[in-house]
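Architecture and fold: a report
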Amino acid sequence: MSALPSPRVVAIVQARMSSSRLPGKVLREILDQPMLVQVVERLSRAETVHQVVVATTTDPTDAPVVALCQRQGYAYFCGSLNDVLDRFYQTARAYNADVVMRVPADFPLLDPA
């Protein structure tokens, strides 16, 4: 009897520039790197995650997030600014996720273990 394939785990990092308390915080530097880079790089080392995807919005204010993803070679998806659930749903569909891990982009102390 063959084993069932393991589910495809996609970590979706919510990143947008329009934070009400600290706008642009996802691109603020920590140890000479944007916070978003810190989060994606840590998640990429998690053994149970098959892919890390940055979910941002189609709003023009999030163009710097898209540009960073393109420079770094990160997978990303642009969705609704106001409908966060739909943004996550569409990202999960686009990247064939069986299991979604939701991670905020302002969580740089994430432990990959």
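Our structure's up above, just so we're on the same page.
Each value, and the rule that gives it
- Residues numbered from 1 in each chain as written.
- Predicted model: local features only at pLDDT ≥ 70, side-chain atom pairs only at ≥ 80, totals over all residues.
- Heavy atoms only, no water.
- Helix = DSSP H or I, 4+ residues; strand = E, 2+ residues; numbered from the N terminus.
- Buried < 20%, exposed > 50% of the residue type's maximum accessible area, 1.4 Å probe, protein only.
- Lys, Arg positive; Asp, Glu negative; His and termini not counted.
- Salt bridge = Lys/Arg side-chain N within 4 Å of Asp/Glu carboxyl O.
- Pairing = 2+ DSSP bridges.
- Axes fitted to C-alpha atoms, helices over the stretch in contact; angles between N-to-C directions.
- Contact = heavy atoms within 4.5 Å.
- Arc of directions from axis to C-beta.
- Right-handed = clockwise from strand over helix to strand, strands pointing away.
- Core = buried A, V, L, I, M, F, W, Y, C linked by side-chain atoms within 4.5 Å.

1. Considerations on the side chain of R87
Summarising the element assignment, R87 is placed in helix α3 (residues 84-94). Lacking a salt bridge, the buried R87 has D62 as its closest oppositely charged neighbour, with an N-O distance of 6.7 Å.

2. Quick notes on the sheet that holds strand β5 (residues 75-79)
Strand order in the open sheet formed by four strands is β5-β4-β1-β6, and the pairing between neighbours is parallel. Of all the strands in the sheet, just β5 and β6 (99-104) have a single pairing partner and so form its edges. On average, each strand axis in the sheet is inclined to that of its neighbour by 30°, with strand direction left out of account. Alignment of strand β4 (residues 51-57) against β5, held across five bridges, turns out to be parallel. Bridged to T56 within β5 is C78. Sheet strands touched by α3: β1 (9-14), β4, β5 and β6. Its angle to β1, the strand with the most contacts, is close to 145°.

3. Considerations on helix α2 (residues 63-72)
Taken together, the buried positions of α2 are occupied by V65, V66, L68 and C69. Looking straight down α2, one finds its buried side chains confined to an arc of 160°; they lie on one side. The outward face of α2, more than 90 degrees from its buried face, is lined by the exposed residues Q70 and R71. Of the surrounding elements, those touching the buried residues of α2 are β3 (33-34), α1 (35-44), β4 and β5.

4. What about the side chain of K25?
Its location among the elements puts K25 in the loop between β1 and β2 (29-30). If we ignore the near neighbours within four places in the chain, the residues touching K25 are S19, M35 and D106.

5. Some remarks on the pairing of β4
Among the seven residues that make up β4, six are buried, leaving the element largely enclosed by the rest of the structure. Pairing of β1 with β4, which is carried by five bridges, proceeds in the parallel orientation. Bridged to V13 within β4 is V54. Tracing the backbone out of β4, into α2 and back to the parallel element β5 gives a crossover that is right-handed.

6. A few points about the nonpolar core
V13, L36, L43, V52, V54 and V65 are the most contacted members of the largest nonpolar core, which totals 22 residues. Only β1, α1, β4 and α2 provide two or more residues apiece to this core. Per-element accounting of this core gives the leading share, five residues, to α1. Excluding its chain neighbours within four sequence positions, the residues that come into contact with V65 are A15, M17, V26, L27, L36, V54 and T56. Counting eight residues, the second-largest nonpolar core is a separate cluster that includes V10, I12, A55 and F88.

7. Some thoughts on unusual backbone geometry
Only a minority of non-glycine residues have a phi that is not negative, and only a minority of peptide bonds are not trans. Here L31, not a glycine, exhibits a phi torsion of approximately 50°, which is positive. Take L31: it is sitting in the loop between β2 and β3. For L31, a relative accessible area of 76% gives the class exposed. Despite not being glycine, N96 has its phi angle at roughly 50°, a positive value. In this structure, N96 sits in the loop between α3 and β6.

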